[in-house]
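What the coordinates show
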Amino acid sequence: MPDRFANSEASLSGPASSGFSISPSDVNALPETTRALYIGAGGSLSMRMLSGETLTLSNVTSGSLLPLRVTHVFATGTTAGAIAGLL
């Protein structure tokens, strides 16, 4: 299938071209820093931002697409599910 954008440089404002499932962990970092998170099942989301700051977002709704640069999604404090990291 042709990709007319194959020679375009990826940017943080452009669409994601890859992703991975996230299993929240208090120990393991994500395999890559995200450009966004998709939340399939709503709840709270505890994470470490690229800046190193740790924060929890409450009441994240199902189907949310959050433009966040995240290095960790913590199990403690996270009740949201079906989380995907987008790159």
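Residues numbered from 1 in each chain as written. Predicted model: local features only at pLDDT ≥ 70, side-chain atom pairs only at ≥ 80, totals over all residues. Heavy atoms only, no water.

We now examine the sheet that holds strand β2 (residues 36-41). Across the sheet, which stays open at both edges, the four strands sit in the order β1-β7-β2-β5 with antiparallel pairing between neighbours. Only two strands of the sheet have a single partner each, and these edge strands are β1 (19-22) and β5 (64-66). The mean angle between the axes of side-by-side strands here comes to 25°, regardless of whether they run parallel or antiparallel. Looking at chain direction, β1 and strand β7 (residues 81-86) are connected through four bridges and run antiparallel. Across the sheet, residue Ser-21 finds its bridge partner in β7, namely Ala-84. (Pairing = 2+ DSSP bridges. Helix = DSSP H or I, 4+ residues; strand = E, 2+ residues; numbered from the N terminus. Axes fitted to C-alpha atoms, helices over the stretch in contact; angles between N-to-C directions.)

Reading across the sheet, the three strands line up as β4-β3-β6 and stay open at both edges, with antiparallel pairing between neighbours. Where the open sheet ends on each side, the last strands, each with one partner, are β4 (54-60) and β6 (70-74). When the angles between neighbouring strand axes are averaged without regard to direction, this sheet yields 30°. When strand β3 (residues 43-49) meets β6, the two strands line up antiparallel, connected through four bridges. By the bridge assignment for β6, Arg-48 is matched with His-72.

Just distances and angles here, no functional claims.
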